[in-house]
Amino acid sequence: MMRPGLCFPARRDMGRTMSVSDLPVKHVLPALRETLIRGNAVLVAPPGAGKTTTVPLFLLGEEGPFQRIVMLEPRRLAARAAAARMASLIGQKPGELVGYRTRTDSAVSDATRIEVITEGLLVRRLQSDPGLEGVDLVILDEIHERSLDADIALAFCLDLQRALRPELRLLAMSATADGARLSTLMQAGIVESAGQAHPVGITHSARDLTHLRDIPEATARAVRVALSDHQGDLLAFLPGMGEIRRVQSMLDGCGATVLPLHGDLPPAEQDRALRPLENGGRRVVLATSIAETSLTVPGVRIVVDSGWRRAPRLDTSTGLTRLATLRISRAAAAQRSGRAGREAPGIAIRLWSQAMERGMAPFDRPEILEAELSGLVLDCAGWGASPSDLPFPDAPPDGAVAAARSLLGDLGALDPEGRITEAGRQMARIGAHPRLAAMMLAARTLPERLLAADIAALLEERDPFRNPDAPADLMLRLEALRHEDPAADRGALARIRQTAAQYRRRLKTASPAIASPAPAEASEAGPDAVARLIVAAFPDRVAQARGEAGSFRFSGGGGAKIAVNDPLARCRLLAVASLEVKTAPRIRLAVPVEVETLRDLAHETTETMHDSTSGTVYIRRKLRLGALVLEDRLEKADPAAHPGASDAMAQAAFAALVWSDTARQLRARVELMRTLEPDKDWPDWSDDALTATAPDWLGGWLGQGVKPASLDVAAMLRAVMPWQLAQRLDKEMPTHLALAGNARAGVDYLQPVPVASARAQAFYGLQHTPQLAGGRIPLRLALLSPAGRPVAITADLAGFWQGGWADVRRDMRGRYPRHRWPENPAEG
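In this text the structure is predicted, and so the values were computed from the model without any measurement. (Residues numbered from 1 in each chain as written. Predicted model: local features only at pLDDT ≥ 70, side-chain atom pairs only at ≥ 80, totals over all residues. Heavy atoms only, no water.)

Draft legend 1. Inspection of the pairing of strand β21 (residues 585–592) at higher detail. Where strand β20 (residues 573–581) meets β21, seven bridges bridge the pair, whose relative direction is antiparallel. Counted as the bridge partner of E580 is R586 from β21. What sits between the antiparallel neighbours β20 and β21 is a turn of three residues. (Pairing = 2+ DSSP bridges. Helix = DSSP H or I, 4+ residues; strand = E, 2+ residues; numbered from the N terminus.)

Written as structure tokens, this is what we have:
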């Protein structure tokens, strides 16, 4: 074990000795070790303290409890650099005592005891080796960055420690972490270390930038001034690669070597930006937030900070994660400024005002609160736990988790109860976003599998066509990948090929049915295969043309546009692989897709339509995929050709029937009897019941050319009523009342209380109100004038003759003197 102030003892496995006497973290190393022997620990140490490269070597020791250490780094560049630095300190190369693994490369051996790995690989390792066998200590470096994979790794490690391996130790290290909060979550002791004592002067701009497009020009101007006013190399922080390229072009002739530094550079180019120039000249390193933590850029005395960064954010309108340009937090600004004081006093130039700084967030928001969470939910399902049951620093939002579960269900990764399926386990082993993993598993043949690996790599890496106005056709990128293209970025193509090769190897591991990887030439496949694979990954992003050219609607709802001059703008259907969301969704990568490719995913609905002119019934068939109608066909309903068409014809014809008053009265009379005698077999002739049973009572009356409007509905209904019930109906609920002198009064059963109407003279001689259904249904009588207008309505005829009739008689005698108006009509 190394002791503070001393060198490593000479050892065959450690190489030459090293000294940490010049690193501030040396003072807390013994306390950190003792804390870890008792339990978990949180190390809070400012930038430059030496925690990343010193702590793992110190804790390894010879006879101590930490004989195998895994250290998590948030970025590939940081993982390689940390492993290289630690190996150099002990006179070795990466891959011996200290090694690393990233998604694109690795350097490990049987002798490796400190393994630096990136976040996603640690999660994959936990899934394949849930016990982390042989690992004594997991170090989570730069934990304050709160990436999604780091949160998952921490939660899984804590769960593993709690359930299976209490002897496993966890160490979280950060320069700006909330130590008390982490300590509570991890049940850990806090160890704090001082940082470098080199002062860093801070200057602010007098005015804030008015627009993001002003960042390159303002940065280039500040760099030129800083190079003139200050000594040493300069590190400038910019949001992304686009801004880096523009600033690089603006700095021609600035008197210094301008070097980019971002995650998409080849390792050799990244290493070049991290080394002093051999000729001793000045450097200007233009970096994304990749240089914010972990890395030391030697020689830097000046930092120019634009104050912006790119970060993943969930777009609620599309349900997708997009990279947004965001204002950094005060903690991130402090981290960036600290880069200038790693080796000597420096200066930090902030391109925002002090007033703006007071309004900046104290810390960056964790990715788990902002991103699309299908990967997290799949990882948790593979781990065998719900996200709500795991110890995350911040609980994932319920809405994002529900959306992720829905997507994973559509992709076949989860069953209806939310448990991981075998397909889901294969997707997790592939280690790609669940959409891309589902696409690779959907490949049917070896050429398709190779093609799926190419597409997944292409979608995961940056578009090789840098021109923002490049056509959206994904086939152009695949052609460039196979046969080169002068318009494509060669570095991007190389990274895509490298990632594709890794996916091919993972596919063999994930599914025993997948053959060994084959050369890239074997991935040749046509547009139909490409479209089918894209749809397997993005079933909600099948796009159908609507309205104006270039406007599309998605199967999952919502829509997007494509440039009207793009060759794909005139396509009827697209399988969309990539969207860009700024002010509105824009299709970035897509391929045309045919209806036949989508038929297995779609479902057909049928509805009947009736042509009242010809009397013909049609069946309308619609092939639907989500919100889209892919096909809409109208055909005559032919019972012989279409099973069930008779039923459909009858149900459609029901809506076209013309209901006479006789038919409506018949339905009302039957309904009254059903109310009186619910235990009898009176038929249910409500609209719902008649529609459902239309094939039984209406189907036999229909034929080609028969117009439903010409049918006698009352006769049809009487025909299906049993004879005994029809007889009882006419007796209990007659259509007319028989009156004196062969007169009849028609009964209206559509009124709330049935009403029998006739001229007043027809009721002469009638002493009491007639009864319906033996007196069980009340009846009212409407006495009409000779002109057919009601002069009185009564439910008590005897009382009316004795009372109200006198007034009616007086009025009627004056109006109709030729008619008979007796004083006592009850006598006849």
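Draft legend 2. How the structure looks around the packing of aromatic side chains. Within this structure, the stated rule accounts for nine aromatic pairs. Their ring planes at 80° and their centres at 6.1 Å tell us that Y764 and W805 sit as a pair that is edge-to-face. Of the two residues, Y764 sits in the loop between β27 (755–759) and β28 (780–784) while W805 sits in helix α28 (residues 805–815), which places them 41 residues apart along the sequence. Exposure class is identical for Y764 and W805. Each is buried. For the cation-ring pair, R667 lies above W659, with the distance from its terminal atom to the ring centre recorded as 4.3 Å. (Phe/Tyr/Trp six-rings, centres within 6.5 Å; stacked < 30°, edge-to-face > 60°. Buried < 20%, exposed > 50% of the residue type's maximum accessible area, 1.4 Å probe, protein only. Lys NZ or Arg CZ within 6 Å of the ring centre and 35° of its normal.)

Draft legend 3. Structural detail: unusual backbone geometry. Although it is not a glycine, L132 sits at a positive phi angle of roughly 45°. Tracing the chain through its elements places L132 in the loop between α4 (119–128) and β6 (137–140). Looking at L132, the relative accessible area reads 1%, which means it is buried. In this structure, R146 is a non-glycine residue whose phi angle is positive, near 55°. Assignment of secondary structure puts R146 in the loop between β6 and α5 (148–163). For R146, a relative accessible area of 12% puts it in the buried group.

Draft legend 4. Inspection of the nonpolar core at higher detail. Counting residues in hydrophobic clusters, the biggest one holds 102 residues, and the most contacted among them are I455 and I534. When residues in this core are grouped by element, the largest group, 10 residues, is from α5. Sequence-distant contacts of I455, defined by excluding residues within four places in its chain, comprise M439, L474, L478, V530, L533 and I534. If you look at the next biggest cluster of nonpolar residues, it comprises 53 residues, including V670, W697, M716 and M733. (Core = buried A, V, L, I, M, F, W, Y, C linked by side-chain atoms within 4.5 Å. Contact = heavy atoms within 4.5 Å.)

Draft legend 5. Structural view of the side chain of R336. As for its placement among the helices and strands, R336 is situated in helix α10 (residues 330–338). Since its relative accessible area comes to 0%, R336 is described here as buried. Among the polar contacts listed, one links the side chain of R336 to the backbone oxygen of W308, at a separation of 3.4 Å. If we skip the residues at most four places from it in the chain, R336 touches F237, S289, E292, V303, D305, G307, W308, R309 and I328. (Polar contact = N/O pair within 3.5 Å; in protein donor to acceptor, adjacent residues only side chain to side chain.)

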